[in-house]
Amino acid sequence: MLNINNLHVEVGGTSIIKGLTLCVPAGEVHAIMGPNGAGKSTLSYALTGREGYEVVGGTATLNGDDLLELAPEERAAKGLFLSFQYPLEIPGVPTLTFLRTALNAQRKARGEGEISVPDFMKLSRDVAKKLGVTPDMMKRPLNVGFSGGEKKRMEIYQMALLDPRFMILDETDSGLDIDALKVVSEGVNALRGPDKGMLVITHYQRLLDHIKPDRVHVLAGGRIVDSGGPELALALEADGYDRYKEAA
Amino acid sequence: MPAVKETIETVESLAEYEHGFITDIEMEMAPKGLNTDIVRYISAKKGEPDWMLEWRLAAYQRWLTMQEPSWAMVNYPTIDFQDSYYYAAPKAKVELNSLDDLDPEILETYKKLGIPLREQEVLAGVKGAPRIAVDAVFDSVSVATTFREELAKSGVIFCSMSESIKEYPDLVRQYLGTVVPVSDNFYATLNSAVFSDGTFVYIPPGVRCPMELSTYFRINAADTGQFERTLIIADKGAYVSYLEGCTAPMRDENQLHAAVVELVALDDAEIKYSTVQNWYPGDKNGVGGIYNFVTKRADCRGVRSKVSWTQVETGSAVTWKYPSCILRGDESQGAFYSIAITNGHQQADTGTKMIHLGKNTRSRIVSKGISAGKSNNTYRGLVSAHAKAKGARNFTQCDSLLIGDQCGAHTVPYVEAKTPYATFEHEATTTRLSEDQLFYCRQRGLPTEDAVALLVNGFVREVLQELPMEFAVEAQKLVAISLEGSVG
């Protein structure tokens, strides 16, 4: 599914990712953990094609498609979704307008027809119910005046509605209280499937209690320095990242 | 939601300026240049009474003593006022009795522009055409005015300015020049001398105008100035909503458009005036385009009268325009909602004046300026309260959005309060279309141009909502088209 090989990324001329290799097969959820400044967010931006995150070496493919060749919107149409650590506010654009426009843009790029308004309304309501998104939130301009927790829930709502094949969750747990964390995690778990993949970026073990990863990787100094099963996350929670400092 | 989709489709299907075609038609022109003979020529062509000619000549003499204003934040080469035609009319073969006598080329022109001139087409709901009465002004003359009979049943007068001077001289003499005096400013005075046509509207007391009224201005002839004059009077307790649209062909020379619009609202009357201005803005190197130097003013003469100006300014090479309200009647209200978009080399200096004279008068200003390319966009506004304007209130909000790093946005608010009992609020923001927002939209699958259209439509939404439905959709498309190619 997602194959990253010896990836090097620079931001403003500074090398941040220094030879990262990672493979997430279809049907699996991998977690990436690591100290501040390890390059976790840089990885998510480089994969989604944000300007200023310059890939200077290596490859990244999704189902065989070379991601690095594609514009951000083309990557999205291929089914790559990023749940932002800090979701943006879009004043004056109602949430549902934004999502319908986005969904139709993706469908168009894939050569599919537009979704009809009634179908879209039904879909948006069904998904909203599961994630505790209120009709009021859907009518308001996207993320404007939302609390941190509401914004994160809205990210997962968008994810569920756009139904991507590969999902990157960047610090989705930050800003969520215990109850919200539960709702969001259930929403995320519902999106797991045999032909889907997920990369969960987090500082803390807490999220992984709810979204159980198949593999856990430690990112430090721009490289994967350790990999293991879910038990690795527990060990990290107990010991911290100190032992990887040298590796970095 | 459909409008957003439409915006996107339009962006895809259209390239640059949509209305830039030229109608090939035999014209009757006055000789180039300006002098008393030209003023007499125009007046004679229109068969005007002596009082009108005297009015024009006085204005011309006054104009000769005036200086072109230079305080606006716009730059353009000195205009040679002798190098322009002041009168251009399609040559009529016979006296026009019905649309069938109209040159088919002209009919075709309006068809292309999507302006319904045939009432039966409007009534039959051709392509969902809105039920709107139209006065079509082609260069210097009004070529057709629709739904006049139906409007006359409710006592509404809707006709061209030239006709009103002949048919309703008392009304015209009573109101013409009382809101924008002949000596008001350089361009208004020029207009008073040479104005050719425009629209006259009178709504009698207590009448709610049964349909939207509109005028569609088209400049076609080369080297020709358009000087239209519009006068709208809403008598006591009357209501009217009026729309104005404008386009012009693409030409390499700059063309002057100096209009005057006067609105009079008597006791308890309400006028809603909306404009979608889409004059040719010039090419991408800044060659050609319309100089839009317009004086628009409303006099809220009666108690509790209301006037609102809503404008979407996307065209013209240079815009100099300040639709204003004189809040004379006690408890009268004025509003100004504006979207001004500049791209390429366009320059706009626009805003409003709210002059509070009466007690407990209220005004509201919402201005959204968008600058892209190498353009400059200035909001210039005056809010003033005179000594007697106790309890005057104003709220002003000016937001500017910058796209790219070579454009400019400027806000120049003037505030004068001569009474301690006035409350003025002013809010202003300037933001750059953020790369973060753009990336967020693109990550969700929106191509850059669609993302810009969506973000900009979000920015101007508050003002678009003030427009009548049909215009809102058109305006939304325009917003998208005007900004095409502004990013990336």
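Residues numbered from 1 in each chain as written. Chains lettered and ligands numbered in written order. Predicted model: local features only at pLDDT ≥ 70, side-chain atom pairs only at ≥ 80, totals over all residues. Heavy atoms only, no water.

Time to look at the interface of chain A and chain B. At the interface, 36 residues of chain A touch 24 residues of chain B. For the chain A and chain B pair, buried surface summed over both sides reaches about 2500 Å², with 63% attributable to carbon and sulfur atoms. Summed over the shared surface of chain A and chain B, the number is 3 salt bridges. Notably, a salt bridge pairs Asp436 of chain B with Arg50 of chain A, separated by 2.3 Å at the nearest N-O pair. Inspection of the chain A/chain B interface yields 12 residue pairs in polar contact (both at pLDDT 80 or more). Contributing elements (two or more residues each) for the side of chain A that touches chain B: α1 (40-48), α2 (72-77), β6 (80-83), α3 (95-109) and α6 (148-162) of chain A. Its residues placed into classes, the side of chain A that touches chain B shows 20 nonpolar, 8 polar and 8 charged. (Contact = heavy atoms within 4.5 Å. Buried area = accessible area lost by both parts, 1.4 Å probe. Salt bridge = Lys/Arg side-chain N within 4 Å of Asp/Glu carboxyl O. Polar contact = N/O pair within 3.5 Å; in protein donor to acceptor, adjacent residues only side chain to side chain. Helix = DSSP H or I, 4+ residues; strand = E, 2+ residues; numbered from the N terminus. Nonpolar A, V, L, I, M, F, W, Y, C, P; charged D, E, K, R; others polar.)

Below, the discussion takes up the sheet that holds strand β7 (residues 166-170) of chain A. Residue and element names in this part refer to chain A. With mixed pairing, 6 strands are arranged side by side in an open sheet as β6-β7-β8-β3-β9-β10. Whereas interior strands pair on both sides, the edge strands pair on one side only; in this sheet they are β6 and β10 (223-228). Averaged over all neighbouring strand pairs, the angle between strand axes comes to 20°, with direction disregarded. Of the pairings in the sheet, the one linking strand β3 (residues 29-33) to strand β8 (residues 197-202) comprises 5 bridges and is parallel in character. Across the sheet, the residue bridging to Ile32 is Ile201, located in β8. (Pairing = 2+ DSSP bridges. Axes fitted to C-alpha atoms, helices over the stretch in contact; angles between N-to-C directions.)

The next subject is the pairing of strand β13 (residues 289-300) of chain B. Residue and element names in this part refer to chain B. Among the 12 residues that make up β13, 12 are buried, leaving the element largely enclosed by the rest of the structure. Both strand β10 (residues 254-257) and β13 contribute to a ladder of 4 bridges, which runs parallel. Bridge pairing in β13 places Gln255 opposite Ile290. Note: strand β11 (residues 260-265) against β13, 6 bridges, orientation parallel. Note on β13: the bridge partner recorded for Val261 is Lys296. Two strands pair when backbone bridges link them, and β13 and strand β15 (residues 318-321) are joined in this way by 4 bridges, in the parallel orientation. Bridge pairing links Val294 to Lys321 in β15. Both β13 and strand β16 (residues 324-327) contribute to a ladder of 4 bridges, which runs parallel. (Buried < 20%, exposed > 50% of the residue type's maximum accessible area, 1.4 Å probe, protein only.)

Turning to the environment of Gly286 of chain B, a few remarks are in order. Along the chain, Gly286 of chain B falls in the loop between β12 (270-277) and β13. Separated by 58 residues in sequence, Gly286 of chain B and Gly344 of chain B place their C-alpha atoms 6.9 Å apart.

Residues and elements named next belong to chain A. Positive phi, normally seen in glycine, also occurs at Asn6, with a value near 50°. Note that Asn6 resides in strand β1 (residues 2-11). Judged by relative accessible area, which is 40%, Asn6 ranks as partly exposed. Positioned with a positive phi, Asn63 is a non-glycine residue whose angle comes to about 50°. Relative to the elements of secondary structure, Asn63 occurs in the loop between β4 (53-62) and β5 (65-66).

This brings us to the confidence of the model for chain B. All names here are of chain B. Of the residues in chain B, 83% reach a pLDDT of 70 or more, and the chain-wide mean stands at 83. Mean pLDDT across the secondary structure elements of chain B bottoms out at helix α1 (residues 2-13), with 40, and peaks at β16, with 97. Low pLDDT (under 50) marks residues 1-15, which in the prediction has 27 contacts with non-local residues, meaning those over four places away or in another chain. Counted against residues more than four places away or in other chains, residues 122-130, with its pLDDT under 50, gives 10 contacts. (pLDDT = per-residue confidence, 0-100.)

Right, let's talk about the environment of Arg393 of chain B for a bit. Residues and elements named next belong to chain B. Note on placement: Arg393 falls in strand β21 (residues 393-402). Considered as a pair, Arg393 and Tyr421 are 28 residues apart in the sequence and their alpha carbons are 9.0 Å apart. Setting aside chain neighbours within four positions, we find Arg393 in contact with His356, Thr361, Arg362, Ser363, Thr423 and Glu425.

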